[in-house]
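As a plain string of letters, each chain reads:
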Amino acid sequence: EFREWKQAGWSRLMWLKCEIIKKALASKEIVIYTDGDIVFERSGAIRYCVDWLLARPQKDLLVQCDGMTHGDGWGICAGFMCIRSSDATRAAFDIKEAGITHAWD
């Protein structure tokens with residue numbers, strides 16, 4: 001079911017995304033998460049991200065940016081993530097449903 005950004009059910013949808021990622025991180029070295037509305041304009045984009053992460057063992061996360069400056073929506077977007085399974089990332093995605101805020105709903 002489609003949820004509009006920061007509308008009813010958005011917080012729970014974000015929690016469900018974390019649950020999916022958490023389960024994948026438990027068994028995979030690298031996890032790619034992408035929302036259905038993400039467009040890859042170049043072939044090899046996902047391979048590039050995985051290779052980038054593998055070449056940098058001190059990095060655990062490659063994430064999409066919403067914009068280029070603070071004035072145009074700049075910030076982290078959870079619509080695309082390339083994630084290395086580590087203690088830190090497994091802990092970051094281990095969010096209890098009872099702990100989510102519904103301020104956006």
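Below is a short write-up of the structure.

The rules behind each value
Residues numbered from 1 in each chain as written. Predicted model: local features only at pLDDT ≥ 70, side-chain atom pairs only at ≥ 80, totals over all residues. Heavy atoms only, no water. Helix = DSSP H or I, 4+ residues; strand = E, 2+ residues; numbered from the N terminus. Buried < 20%, exposed > 50% of the residue type's maximum accessible area, 1.4 Å probe, protein only. Areas by Shrake-Rupley, 256 points an atom, 1.4 Å probe, with all protein chains shown as cover. Pairing = 2+ DSSP bridges. Polar contact = N/O pair within 3.5 Å; in protein donor to acceptor, adjacent residues only side chain to side chain. Phe/Tyr/Trp six-rings, centres within 6.5 Å; stacked < 30°, edge-to-face > 60°. Axes fitted to C-alpha atoms, helices over the stretch in contact; angles between N-to-C directions. Contact = heavy atoms within 4.5 Å. 1 Å grid on protein atoms, 1.4 Å probe; cavity = no way out; pocket = protein on both sides within 12 Å on 5 of 7 lines; lining within 4 Å. Points joined across faces, edges and corners; volume = space filled by probe spheres on them. Expected span 1.5 Å × (residues − 1).

As a further point, take the overall build of the chain. From N to C terminus, the chain includes three helices and three strands. Element order for the chain, N to C, with α for helix and β for strand: α-β-α-β-β-α. Looking at the chain residue by residue over its 105 residues, the buried ones come to 28%. Per element, the accessible surface of the chain, about 7400 Å² overall, is 57% carbon and sulfur.

Within strand E3 (residues 76-84), seven of the nine residues are buried, which leaves the element mostly enclosed by the surrounding structure. Bridge analysis of strand E1 (residues 30-34) against E3 gives five bridges, and the strand direction is antiparallel. The residue bridging Ile30 from the neighbouring strand is Arg84, located in E3. By the bridge criterion, five bridges tie strand E2 (residues 61-65) to E3 in an arrangement that is antiparallel. Paired with Val63 across the strands is Met81, a residue of E3.

Inspection of the secondary structure assignment puts Arg84 in strand E3. A polar side-chain atom of Arg84 sits 2.3 Å from the main-chain carbonyl oxygen of Leu53.

Quick look at the packing of aromatic side chains now. In the structure shown here, the tally under the stated rule is one aromatic pair. Ring geometry for Phe40 against Phe80: centres 5.6 Å apart, planes inclined by 75 degrees, an arrangement best described as edge-to-face. Within this pair, whereas Phe40 is found in the loop between E1 and helix H2 (45-54), its partner Phe80 is found in strand E3, the two being separated by 40 residues in sequence. Judged by relative accessible area, Phe80 falls into the buried class, the value being 9%.

So, on to the sheet that holds E2. Strands sit in the order E1-E3-E2 across an open sheet of three strands; the sheet is antiparallel. At either margin of the open sheet sits one strand with a lone partner, and together these are E1 and E2. Going from strand to strand, the sheet's axes swing by 20 degrees on average, the running direction of each strand aside. Docked against the sheet, helix H1 (residues 10-25) engages E1 and E3, running at close to 10 degrees with respect to E3.

Another point: the layout of surface pockets. If you add up the space inside the second largest pocket, you get close to 350 Å³. Lining the second largest pocket are 14 residues, with Val39, Phe40, Ala45, Cys49 and Phe80 sitting closest to its centre. Counting only elements with at least two residues in the lining of the second largest pocket, the list comes to H2 and E2.

Tracing the backbone through its elements, the reader meets Val39 in the loop between E1 and H2. The exposed category is assigned to Val39, whose relative accessible area is 62%.

Before going further, it helps to spend a moment on H1. Every α-helix carries 3.6 residues per turn, so stepping three or four residues along brings you back to the same face. When the terminal C-alpha atoms of H1 are compared, their 23 Å separation across 16 residues agrees well with the 22 Å that a helix rising 1.5 Å per residue should span. Every buried residue belonging to H1 is among Trp10, Ser11, Met14, Trp15, Lys17, Cys18, Glu19, Ile21 and Leu25, and all of these are buried.

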